[in-house]
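# Summary of structural features
Here is what each chain is made of, one letter per residue.
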Amino acid sequence: MKLVLAVIQDADAAGLVRVLSENAFEVTKLASTGGFLREGNTTLMIGVADDRLAELKRHVQQTCRTRTRLVTPNIPLGEQGEGLSADPVEVAVGGAVMFVLGVQEFVKV
């Protein structure tokens with residue numbers, strides 16, 4: 001048995017929870033914040049049998065996509081000088097980060 005913590009973008013959360021529920025995965029959804037853009041994301045806790053781990057990874061990979069976004073870098077006033085530009089920069093966001101943890105015991109009451 002494994003516990004998977006999947007950190008995904010909020011935009012992908014509803015779709016992934018739906019797909020996992022349709023495929024008989026039990027999911028607990030947690031609101032979270034992090035990443036270098038400091039914006040909201042979603043962390044899903046998913047208990048999964050070892051033999052279904054590959055299937056779970058496949059669903060996450062197919063549902064959570066990477067997108068690009070324009071971000072304006074924050075340059076402190078004291079460090080601004082000639083030659084430094086605060087023009088928006090295109091960065092990749094999204095996808096998923098999954099932590100797979102072994103479970104000693106699972107009890108459902």
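The structure presented is a predicted model; accordingly, all values stated were derived computationally and were not measured. (Residues numbered from 1 in each chain as written. Predicted model: local features only at pLDDT ≥ 70, side-chain atom pairs only at ≥ 80, totals over all residues. Heavy atoms only, no water.)

## Details of the overall build of the protein
Quick reminder of the rule: Numbered from the N terminus, helices here are DSSP runs of H or I no shorter than four residues, and strands are runs of E no shorter than two. Relative accessible area decides the class of each residue, using a 1.4 Å probe on protein chains only: under 20% of the type maximum gives buried, over 50% gives exposed, and in between gives partly exposed. Should any heavy atoms of two residues lie within 4.5 Å, those residues are counted as being in contact. Areas reported as accessible are Shrake-Rupley estimates using a 1.4 Å probe. Residue values count occlusion only from the protein chains shown.
Check the secondary structure of the protein and you find two helices and six strands. Ordered by position from the N terminus, the helices and strands of the protein form the series β-α-β-β-α-β-β-β. Across the 109 residues that make up the protein, the buried fraction comes to 23%. Residue pairs in contact within the protein that sit at least 24 positions apart in sequence constitute 69% of those at least 6 positions apart. Total accessible area on the protein is roughly 7,500 Å²; 53% of this is exposed by carbon and sulfur atoms.

## Quick look at the confidence of the model for the protein
Heads up, the condition is: As a per-residue measure, pLDDT tells how confident the predictor is, with possible values from 0 to 100.
Looking at the protein, pLDDT values average 85 and 81% of them are 70 or higher. When mean pLDDT is compared element by element in the protein, helix 2 (residues 53-63) scores highest at 96, while strand 5 (residues 89-94) scores lowest at 72.

## Focus: a nonpolar patch on the surface
Put simply, the rule reads: For patch building, the residue pool is restricted to those with more than 30% relative accessible area and no salt bridge; the joining distance is 9 Å between like charges and 5 Å between nonpolar side chains (Val, Leu, Ile, Met, Phe, Trp, Tyr). One speaks of a salt bridge when a side-chain nitrogen belonging to Lys or Arg is within 4 Å of a carboxyl oxygen belonging to Asp or Glu.
Judged by side-chain polarity, Val 97, Phe 99 and Leu 101 come together as a nonpolar surface patch covering roughly 260 Å² of accessible area. Of note, Leu 101 is situated in strand 6 (residues 96-102). A relative accessible area of 38% means that Leu 101 is categorised as partly exposed.

## Remarks on the nonpolar core
Let me state the cut-off plainly: Within this scheme, the nonpolar core is defined by two criteria: the residues are buried Ala, Val, Leu, Ile, Met, Phe, Trp, Tyr or Cys, and they are joined through side-chain atoms within 4.5 Å.
Leu 16, Leu 20, Leu 44, Ile 46 and Leu 56 are the most contacted members of the largest nonpolar core, which totals 14 residues. Among the secondary structure elements, those contributing two or more residues to this core are strand 1 (2-9), helix 1 (10-22), strand 3 (39-48) and helix 2. Residues within four places of Leu 16 in sequence aside, it is in contact with Ile 8, Leu 44, His 59, Val 60, Thr 63 and Cys 64.

## Some details on the side chain of Asn 41
Mapped onto the elements, Asn 41 comes out in strand 3. Once residues lying within four places of it in the same chain are set aside, the contact partners of Asn 41 are Val 7, Ile 8, Gln 9, Asp 10, Leu 30, Ala 31, Ser 32, Thr 33 and Gly 34.

## Describing the pattern of salt bridges
Close approach of charged atoms allows side chains with opposite charge to pair. Taken as a whole and assessed by the stated rule, the structure comprises four salt bridges. Residues Lys 2 and Asp 50 are paired through a salt bridge, measuring 3.6 Å at the closest nitrogen-oxygen approach. Of the two residues, Lys 2 sits in strand 1 while Asp 50 sits in the loop between strand 3 and helix 2, which places them 48 residues apart along the sequence. Here Asp 50 falls in the partly exposed class, since its relative accessible area comes to 47%. Lys 108 is the partner of Glu 26 in a salt bridge, and the nearest nitrogen-oxygen pair spans 3.0 Å. With Glu 26 in the loop between helix 1 and strand 2 (27-34) and Lys 108 in the segment after strand 6, this residue pair connects regions lying 82 residues apart in the sequence. Here Glu 26 and Lys 108 have matching classes, each one exposed.

## Quick word on the packing of helix 1 against helix 2
To be explicit about the condition: Every axis corresponds to a line fitted to the C-alpha atoms, with the helix fit spanning only the stretch in contact, and the corresponding angles, defined between N-to-C directions, vary from 0 to 180 degrees. Should the near helix be turned anticlockwise from the far one by less than a right angle, the crossing is left-handed, and should it be turned clockwise, the crossing is right-handed.
Where helix 1 meets helix 2, the closest approach of the two axes is 10 Å, and the angle between their N-to-C directions is 145 degrees. Of the two possible hands of crossing, helix 1 and helix 2 adopt the one that is right-handed. Only Leu 56, His 59, Val 60 and Thr 63 of helix 2 make contact with helix 1, whose side of the interface consists of Asp 12, Gly 15, Leu 16, Val 19 and Leu 20.

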